[in-house]
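Single-letter residue listing:
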Amino acid sequence: MSSIQLKSVVKRYGPVEVVHGIDLEIEKGEFVVLLGPSGCGKTTTLRMIAGLEDVSDGEMSIGGQVVNAVAPKDRGVAMVFQNYALYPHMTVRQNMEFALRPLKLEKGEVERRITETAVLLGLDELLARRPSQLSGGQRQRVAMGRALVRTPDVFLFDEPLSNLDAKLRTQVRLEIGKLHKRLGTTIVYVTHDQIEAMTLADKIVIMRDGYIEQTGSPQEVYTRPRNRFVATFIGSPAMNIVPATVKDGELAGDHISVPIPDRFRSKLTEGQAVDFGIRPPEIEQVKSENGAIAKARVEVTEYLGNEALLDLRIGSQELIAEVPANQCPGEDDEINIRFNPEALHIFDAQTGMSVEV
Amino acid sequence: MAYIRKRNRNIFLVFMMPAVLVLFGTTIYPMIYAGYLSFRSYDLAKLFVPRVFVGWANYQEIIASSEFLHTLTVTFKLMAMTLSVQLVLGVGIALLVTQRLPGMGIARTLLLIPMMISPVIVGLVWLFLYFPELGYLNYFLSFLGLGPYAWITSTDWALWAIAIADIWQWTPFIMMGTAAALTNLSPEPFEAAKLDGNSAWDVFWRVTLPQIRPVLISLMFLRAIDAFKIYDIIFVLTKGGPGDTTEVLSMYIYRQSFTFWRMGVGAAASFVSLIIIVVLITLFFKSLNREAHQA
Amino acid sequence: MHQLTTSNKILVYLLLAIVLIVFMTPIYIIVSSSIKPTPIMFQKPPAMLFEPTWDHYINLFTARPFGKFILNSLIVALGSTAFSLFFGSLAAYAISRIRHKRMNDVAFWILSMRMFPPIAVVVPYYIIFKASGLLDTPLALIIIYSTANIPLTVWLMKGFFDEVPRALEEAASIDGYNLLQIFWYVTLPLAAPGLAVSAVFCFIFSWNEFIFALMLTGSNAQTATVAVMSFWSSDAVQWGRIMAGSFIILIPGVIFVLTCQRWLVRGLTMGSVK
């Protein structure tokens with residue numbers, strides 16, 4: 001049993017509280033991603049799970065056992081550090097051997113595990129090399145190997161891809177995904193990159209300023225964001241946010257007016273200040289002004305091959321739209337646009353919370 | 001470099017010339033003169049006796065003499081005593097002082113003071129502590145149930161007296177360099193070891209020590225060079241005595257040259273010691289290179 | 001690095017306290033003995049609270065012209081420092097900038113100066129200076145100390161010059177400045193901390209030096225370190241004056257440590273540890 005449970009976990013450094021009473025449940029075998037901007041507390045939370053930081057308040061349980069006072073080595077976790085944390089003066093093999101020493105295994109078992117892990121991660125040719133003789137991607141894999149070789153109950157990853165170049169990032173990302181499928185171990189993964197989160201996670205935990213903003217599957221957080229922050233953090237290009245006021249069954253903004261879909265009627269009050277959100281792919285071009293929500297001027301077009309991104313100007317605001325490349329208008333054109341009403345999100349302007357919640 | 005052309009290179013050489021000349025003048029010239037001396041009988045005590053060319057006589061006298069051999073033994077023995085203790089103590093204190101605890105910075109700074117004091121002063125204050133009958137060291141030791149020791153007057157303890165004073169002065173040097181090296185180490189591997197559960201001793205012996213080994217070698221090398229030349233402290237504490245129990249190389253040269261006024265012999269002894277140190281350094285670097293190639 | 005439990009922390013502080021006591025007691029002894037009246041100087045248990053006396057300091061300056069000797073120390077130290085800084089930094093710049101395989105040899109030769117036992121060179125120096133009439137003059141010491149100070153300056157300044165980006169010099173060169181101007185206006189100001197460090201090291205070495213000063217000076221150019229030893233004759237050891245003199249001599253060293261701590265490592269290990 002290796003579920004992880006955080007109950008009202010607080011982290012303080014002196015008088016400063018950086019993690020404010022968070023609750024989290026992680027099921028066995030789940031791939032959970034802690035996602036958020038820098039300083040949101042995701043790494044601190046990961047380190048508390050690992051035992052590298054003390055829990056100031058609240059309860060941390062691993063495998064049903066409260067582990068607040070339990071040393072890291074007794075928690076059954078292994079960690080892949082952001083900068084790999086490899087022993088620079090030891091070979092790859094020695095790095096892995098050193099990680100196994102505390103387990104006091106038989107020599108044969110140690111050998112077996114190292115060989116298996118090396119083959120699994122494609123490191124078998126590199127066992128006699130030192131970290132300084134390896135590329136970034138190879139060092140990454142050695143860091144994973146060092147964690148893997150201990151056959152832990154929980155794998156912790158601290159922004160493992162942030163030091164790799166873009167191409168390598170995609171490659172290693174895929175490998176991590178495959179690894180999870182193959183081993184089925186519980187994984188807690190920290191990143192600020194929402195693409196990593198969306199592609200790898202069973203469950204995403206979005207954090208900001210020491211609070212959990214939303215927990216859910218990638219689909220959930222994408223289609224039903226709880227607040228404006230989550231809505232704009234997830235999805236690339238980011239969701240467009242437009243300030244408006246509720247007036248006569250319409251959302252009235254600057255040079256733009258959106259009819260309010262039925263499902264929102266009861267949740268809104270007349271005169272309420274809101275922000276409505278619409279994702280770039282959900283902005284469609286229409287031929288005529290009938291059925292159009294607004295008229296927009298195309299400022300910049302970015303051709304991406306399959307799609308094109310349009311930088312639109314409506315009144316005083318800028319919206320980004322994503323259209324199929326073959327429908328791309330010219331720059332400085334005036335076009336009519338409409339939104340897919342099913343894809344509309346409405347957030348209270350003051351609280352930022354979605355009115356659907 | 002694009003802008004270094006031939007003409008500029010000459011200017012650079014001009015930059016360097018004065019320093020080279022000065023160094024040349026202050027080292028090579030006296031060395032040559034000393035070489036000249038070493039082949040002569042140059043007894044200043046007898047002012048009007050001609051300074052005769054005696055060939056290798058001075059060297060033969062030195063190499064054959066049991067006194068010189070004894071001097072070498074004392075020198076190397078003292079080096080071994082001081083360097084080994086300084087290394088262990090220095091590294092140990094460095095480990096203490098690099099802990100992330102309040103007050104460590106001040107402690108670290110204070111501990112640097114002994115090595116910036118003139119060796120003469122070090123000698124004098126330890127003389128105060130060692131002084132027969134009056135010195136405080138025996139008094140303090142009596143509380144631990146040790147002593148009393150006749151520090152500078154007994155043949156058993158004189159060398160230790162010097163060693164202790166030298167250790168007191170130079171351990172901070174090892175501590176300082178080691179502490180700097182320790183703080184330069186990346187902390188992440190240590191976190192990984194903590195997570196994996198490696199024991200503290202294992203971490204120190206297999207992770208910390210191997211990484212600071214090059215620095216330790218540098219530090220010990222510098223200390224060894226200085227320890228070979230040790231002089232001031234001995235001059236103050238024992239002047240080579242009692243008898244010749246603490247007569248190190250520099251004291252021997254001093255005695256020959258300025259007590260017996262046999263400058264020729266003194267010069268010859270200087271050269272012999274120079275050769276010894278050059279040989280030692282060369283051996284040292286050779287073994288370093290061999291290690292580097294093996295690694 | 002290694003996280004500590006509370007009991008471990010106490011142990012660390014305990015050990016550190018012992019270490020500090022061991023290393024600081026002799027310093028305390030110098031300071032307190034210099035103002036302790038002679039009769040109670042060796043009192044056991046040691047007299048911790050007592051009526052301080054300035055007699056030792058007064059005697060120090062009246063029994064011998066100690067003030068003159070301090071001045072000598074200062075002259076020699078400052079003189080050697082200036083001399084070494086000037087020639088040393090020029091040479092260091094050349095070594096830093098010239099790419100030539102021989103440069104390593106030159107650098108090594110300069111470094112090797114440090115390895116000669118001073119006493120080995122005293123004999124010839126004594127004779128040379130005696131012959132040229134330089135015995136017992138500050139100039140003699142200034143020359144000799146340069147043998148140690150120039151290599152130190154070169155080694156330190158080379159490191160600092162290495163850290164000045166060549167791109168800056170190249171930009172100045174494109175703007176039309178010649179080498180000397182670049183050195184003076186661009187490189188040297190950026191390496192100024194190195195000059196400060198070198199100056200301090202040269203000063204301290206010269207100030208603390210004993211053996212050459214002893215051998216090569218007499219009543220005229222004697223330095224403070226030699227003078228303080230003179231209070232120890234075959235008749236009596238005048239501890240009060242010795243301690244007073246010692247205190248004065250150790251002041252620059254202590255000031256140095258407290259102010260230049262950052263650079264100590266680099267200077268004393270000749271750049272091998274950063």
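So, here's what we can say about the structure.

Procedures and definitions
- Residues numbered from 1 in each chain as written.
- Chains lettered and ligands numbered in written order.
- Predicted model: local features only at pLDDT ≥ 70, side-chain atom pairs only at ≥ 80, totals over all residues.
- Heavy atoms only, no water.
- Helix = DSSP H or I, 4+ residues; strand = E, 2+ residues; numbered from the N terminus.
- Buried < 20%, exposed > 50% of the residue type's maximum accessible area, 1.4 Å probe, protein only.
- Contact = heavy atoms within 4.5 Å.
- Areas by Shrake-Rupley, 256 points an atom, 1.4 Å probe, with all protein chains shown as cover.
- Lys, Arg positive; Asp, Glu negative; His and termini not counted.
- Charge placed at Lys NZ, Arg CZ, Asp CG, Glu CD.
- Expected span 1.5 Å × (residues − 1).
- Bend = angle between axes of the 7 residues up to and from the residue.
- Core = buried A, V, L, I, M, F, W, Y, C linked by side-chain atoms within 4.5 Å.
- Buried area = accessible area lost by both parts, 1.4 Å probe.
- Salt bridge = Lys/Arg side-chain N within 4 Å of Asp/Glu carboxyl O.
- Polar contact = N/O pair within 3.5 Å; in protein donor to acceptor, adjacent residues only side chain to side chain.
- Nonpolar A, V, L, I, M, F, W, Y, C, P; charged D, E, K, R; others polar.
- Axes fitted to C-alpha atoms, helices over the stretch in contact; angles between N-to-C directions.
- Left-handed = near helix turned anticlockwise from the far one by under 90°.
- Parallel < 35°, antiparallel > 145°, perpendicular 65-115°, else oblique.

1. Focus: the overall build of chain A
Part 1: Helix and strand counts for chain A come out as nine helices and 20 strands.
Part 2: Seen through its principal axes, chain A has C-alpha atoms that stretch 80 × 45 × 35 Å.
Part 3: Among the 357 residues that make up chain A, the fraction classed as buried is 50%.
Part 4: Contacts spanning at least 24 positions in sequence make up 66% of the contacts within chain A whose residues lie at least 6 apart.
Part 5: When the accessible surface of chain A is split by element, carbon and sulfur atoms take 46% of a total near 16400 Å².
Part 6: The distance from the centre of the 41 positive side-chain charges to the centre of the 50 negative ones in chain A is 8 Å.

2. What about the overall build of chain C?
Part 1: A tally of regular secondary structure across chain C gives 12 helices and zero strands.
Part 2: Overall, the C-alpha framework of chain C stretches about 75 × 70 × 30 Å when taken along its three principal axes.
Part 3: Across the 274 residues that make up chain C, the buried fraction comes to 53%.
Part 4: Long-range pairs, those at least 24 residues apart, make up 73% of the contacts in chain C with a sequence separation of at least 6.
Part 5: Total accessible area computed for chain C in this model is approximately 11900 Å², and 67% of it derives from carbon and sulfur atoms.

3. A closer look at helix α1 (residues 6-34) of chain C
Residues and elements named next belong to chain C.
Part 1: Under the 1.5 Å per step criterion, the end-to-end length of α1 is 41 Å for 29 residues, consistent within 8% with the ideal 42 Å.
Part 2: By the largest-angle criterion, Met24 marks the main kink of α1, which is about 40°, and a proline, Pro26, follows within four residues.
Part 3: When we look at burial in α1, the residues that qualify are Val12, Leu16, Val19, Phe23, Met24, Pro26, Ile27, Ile29, Ile30, Ser32, Ser33 and Ser34.

4. Some points on the nonpolar core
Part 1: Counting 223 residues, the largest nonpolar core has Leu156(A), Val188(A), Trp126(B), Leu237(B) and Phe212(C) as its most contacted members.
Part 2: At 15 residues, the largest contribution of residues to this core is made by helix α8 (residues 158-184) of chain B.
Part 3: With residues up to four places along the chain from it excluded, the contact list for Phe212(C) reads Pro118(C), Val121(C), Val122(C), Tyr125(C), Leu141(C), Ile144(C), Tyr145(C) and Thr217(C).
Part 4: Ranked by size, the runner-up nonpolar core spans 43 residues in total, among them Leu100(A), Leu148(A), Tyr189(A) and Ile204(A).

5. Let's talk about the interface of chain C and chain B
Part 1: At the junction of the two partners, chain C supplies 101 residues and chain B supplies 104 residues.
Part 2: Buried area between chain C and chain B, summed over both chains or domains, comes out near 9100 Å², and the portion from carbon and sulfur atoms is 82%.
Part 3: One can count zero salt bridges joining chain C with chain B.
Part 4: Between the two partners, chain C and chain B, sit seven residue pairs in polar contact (both at pLDDT 80 or more).
Part 5: Among the residues forming the side of chain C that touches chain B, the class breakdown is 76 nonpolar, 15 polar and 10 charged.

6. Concerning the interface of chain B and chain A
Part 1: Counting residues at the interface gives 16 residues for chain B, matched by 25 residues for chain A.
Part 2: Between chain B and chain A, a total of about 1800 Å² is buried, with carbon and sulfur atoms accounting for 58% of that surface.
Part 3: Of all residues in chain B, Glu188(B), Leu195(B) and Asp196(B) give up the largest surface area on contact with chain A, accounting jointly for 38% of the area buried on that side.
Part 4: Linking chain B to chain A there are three salt bridges.
Part 5: Between Arg47(A) and Glu191(B) there is a salt bridge, with the nearest N and O atoms lying 2.5 Å from each other.
Part 6: Across the contact surface, chain B and chain A share eight residue pairs in polar contact (both at pLDDT 80 or more).
Part 7: Secondary-structure elements contributing two or more residues to the side of chain B that touches chain A are α9 (188-196) and α10 (200-228) of chain B.
Part 8: The element that contributes the greatest number of residues to the side of chain B that touches chain A is α9(B), accounting for eight residues.

7. Topic: the packing of helix α3 (residues 66-97) of chain C against helix α6 (residues 138-162) of chain C
All names here are of chain C.
Part 1: The interhelical angle for the contact between α3 and α6, taken along N-to-C directions, is 40°, at an axis separation of 6 Å. Seen along the crossing, α3 lies across α6 with a hand that is right-handed.
Part 2: Its residues assigned to classes, the contact of α3 with α6 comprises 17 nonpolar, nine polar and three charged.

8. A look at the packing of helix α6 (residues 119-130) of chain B against α8(B)
Residues and elements named next belong to chain B.
Part 1: Packing of α6 against α8 brings their axes to within 10 Å, and their N-to-C directions diverge by 130°. When the axes of α6 and α8 are compared, the pair comes out oblique. Remark: the crossing between α6 and α8 carries right-handed chirality. For the pair formed by α6 and α8, the contact residues are Pro119, Val122, Trp126 and Tyr130 on the first element and Trp160, Ala161, Ile164, Ala165, Trp168 and Gln169 on the second.
Part 2: Within the contact of α6 with α8, the residues separate by chemical class into nine nonpolar, one polar and no charged.

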